[in-house]
Amino acid sequence: MIDVNYKEAVLAFGNYHSFLPTVDQDFSEFIVTPINGGLINHTYKVESPLSVSFLLQQINQKVFKRPEDVQANYINLWQYAEFEFTGLLLPAPQFYNKTSALFIDTDGNYWRAFEFIENSISVSIATKPAQAKAVARTFGEFTAAYGEMNVEMLKTVIPDFHNLSLRYQQFEESLNTELYERIAKALPLINEFKERERYKHFYELIIESDKFSKRVMHHDAKISNVLFSQKSGKVICPVDFDTTMPGYFFSDLGDMIRSMVCSEDENSIHFDKIKIRKTFYDAIISGYLMEMANQLTDAEKRYIHHAGLLMIYMQALRFLTDYLNGDVYYKINYPDHNFHRAKNQFMLLKSLEEFLQKQYDYKI
């Protein structure tokens with residue numbers, strides 16, 4: 001059974017064609033296929049005999065309080081990429097009338113549509129260093145393309161998203177809960193995180209210093225947000241720009257390191273297997289610098305290896321904070337899920353610290 005609001009959005013985008021008479025297709029003429037894999041928005045592929053296929057998406061208003069800002073950001077990004085000759089490919093936004101690309105249904109749900117990139121695939125895990133390097137180049141190219149864009153044109157869609165100072169403050173506040181058994185169980189981790197408060201101080205140095213530039217950052221730089229060609233296996237373009245907003249150099253690079261350098265994912269409880277894969281780490285750094293070396297400041301280059309440390313530490317804090325607060329934010333599959341996630345990320349952080357000191361003689 002098709003929800004009425006879903007139907008409204010399909011008809012609105014499916015029956016409008018720029019510079020052509022509006023078609024009046026019956027809903028039965030459309031083929032709508034859910035696209036799984038996204039954690040935030042509901043996404044569908046829409047096909048019909050009288051129009052090209054497009055991607056239809058409902059914006060999650062629980063996560064994005066101002067959907068209009070999310071869409072305005074994308075329109076700005078797409079127009080800049082198109083008209084400033086950046087060479088960057090972004091899926092074209094689809095309109096449902098001459099001026100509007102954001103449709104609001106009768107229940108107040110927000111919908112938008114994009115061109116559907118045919119013969120493309122997405123993958124969830126980097127299986128070889130060449131893939132990791134391609135992803136790093138893609139997100140480096142993305143930020144580099146907007147090197148001269150005024151970042152203030154973009155709205156901050158999720159305030160404090162990668163604010164390590166705030167995440168540390170929330171961690172400290174979680175220590176005052178009355179879930180004493182959880183605090184006792186987590187005490188070794190709590191102490192380890194406190195001993196690394198220096199990462200929070202370094203983050204504060206970044207945001208207060210003019211030696212670190214505010215840039216257009218994707219803020220969700222993972223391999224699943226890159227489309228690859230089914231035929232050649234090469235990158236087509238990055239996707240999912242909902243969290244794109246002003247940020248700092250460590251966000252995207254750190255996200256890629258966090259999500260691709262370890263053979264175990266963040267839900268693994270095989271803590272002894274959590275190691276840094278040198279070939280993947282080197283591939284990510286070199287791929288990113290291929291596109292960003294000419295844009296990064298001297299300070300950003302000097303502290304390039306802090307990117308992974310900051311993002312892994314931040315995520316570890318978030319998992320442990322949620323565990324100590326009683327699992328109120330992240331969806332869990334069993335009672336100790338967030339505790340194990342926090343331990344997983346701590347082991348990854350510790351492994352990265354040891355790796356950088358040994359392989360790069362990098363001062364932590």
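Refer to the structure presented above.
The present account deals with the structure reproduced in this document. Because the structure is a prediction, the values reported are computed rather than measured.

1. Comments concerning the pairing of strand E6 (residues 110-115)
Buried residues dominate E6, accounting for five of its six residues. When strand E3 (residues 51-58) meets E6, the two strands line up antiparallel, connected through five bridges. Directly across from Gln58, in E6, lies its bridge partner Trp111. Looking at chain direction, strand E4 (residues 93-94) and E6 are connected through two bridges and run antiparallel. In the strand pairing of E6, Pro93 is matched with Phe114. Where strand E5 (residues 103-104) lies against E6, two bridges are found, and the strand directions are antiparallel.

2. Side note on the side chain of Asn344
Relative to the helices and strands, Asn344 is located in helix H11 (residues 337-359). Aside from chain neighbours lying at most four places away, what touches Asn344 is Asp265, Glu266, Asn267, Ser268, Phe271 and Ile274.

3. A closer look at the pattern of salt bridges
If the charged atoms of two oppositely charged side chains come close together, the side chains can form a pair. Within the structure shown, the criterion is met by 18 salt bridges. One salt bridge in this structure joins Lys45 and Glu47, with 3.8 Å as the shortest N-O distance. Residue class for Lys45 comes out buried when judged on its relative accessible area of 16%. Across the pair Asp327 and Arg182 runs a salt bridge whose closest N-O atoms are separated by 2.9 Å.

4. Some words on H11
In this model H11 runs 32 Å from its N-terminal to its C-terminal C-alpha over 23 residues, within 8% of the 33 Å that 1.5 Å per residue would give. Directly beyond the C-terminal end of H11, a positive phi value near 50 degrees is found at Asp361.

5. Structural notes on the environment of Tyr168
Counting through the fold element by element, Tyr168 comes out in helix H4 (residues 164-174). Taking the C-alpha atoms as reference points, Tyr168 and Val235, separated by 67 residues in sequence, lie 36 Å from one another. If we skip the residues at most four places from it in the chain, Tyr168 touches Phe193, Lys194, Glu197, Lys200, Tyr313 and Leu317.

6. Things to note about the packing of aromatic side chains
For any pair of aromatic rings, geometry is given as the distance between the ring centres together with the angle between the planes. Evaluated as defined, the whole model comprises 28 aromatic pairs. Summarising the aromatic geometry, the rings of Tyr74 and Phe114 are spaced 5.0 Å apart at their centres and angled 85 degrees between planes, so their arrangement reads as edge-to-face. Taken together, the residues Tyr74 in helix H2 (residues 67-83) and Phe114 in strand E6 connect sequence positions 40 residues apart. Of the two residues, Tyr74 and Phe114, neither departs from the other in class, the shared state being buried. For the ring pair Tyr168 and Phe171, a centre distance of 5.5 Å and an interplane angle of 65 degrees mean the geometry is edge-to-face. Here Tyr168 and its partner Phe171 are both found in helix H4, three residues apart, which amounts to about one turn of the helix. A connected cluster of aromatic rings, assembled from ring pairs, spans Tyr74, Tyr80, Phe114, Phe142, Tyr146 and Phe241. We note Arg198 situated over the ring of Tyr199; from NZ or CZ to the ring centre the distance is 4.9 Å. Lying across the ring of Phe280, Arg277 places its NZ or CZ 3.6 Å from the centre.

7. Some words on the packing of H4 against helix H10 (residues 306-324)
Two elements in contact, H4 and H10, have axes separated by 9 Å at closest approach and are oriented at 30 degrees. Accordingly, the angle class assigned to the pair H4 and H10 is roughly parallel. Of the two elements, H4 crosses H10, and the hand of that crossing is left-handed. Packed against H4, whose contacting residues are Leu164, Arg167, Tyr168, Gln170, Phe171 and Ser174, the element H10 presents Leu310, Tyr313, Met314, Leu317, Arg318, Leu320, Thr321 and Leu324 at the interface. Looking at the contact of H4 with H10 residue by residue, the classes come out as nine nonpolar, three polar and two charged.

What counts and what doesn't
Residues numbered from 1 in each chain as written. Predicted model: local features only at pLDDT ≥ 70, side-chain atom pairs only at ≥ 80, totals over all residues. Heavy atoms only, no water. Buried < 20%, exposed > 50% of the residue type's maximum accessible area, 1.4 Å probe, protein only. Helix = DSSP H or I, 4+ residues; strand = E, 2+ residues; numbered from the N terminus. Pairing = 2+ DSSP bridges. Contact = heavy atoms within 4.5 Å. Salt bridge = Lys/Arg side-chain N within 4 Å of Asp/Glu carboxyl O. Expected span 1.5 Å × (residues − 1). Phe/Tyr/Trp six-rings, centres within 6.5 Å; stacked < 30°, edge-to-face > 60°. Lys NZ or Arg CZ within 6 Å of the ring centre and 35° of its normal. Axes fitted to C-alpha atoms, helices over the stretch in contact; angles between N-to-C directions. Parallel < 35°, antiparallel > 145°, perpendicular 65-115°, else oblique. Left-handed = near helix turned anticlockwise from the far one by under 90°. Nonpolar A, V, L, I, M, F, W, Y, C, P; charged D, E, K, R; others polar.

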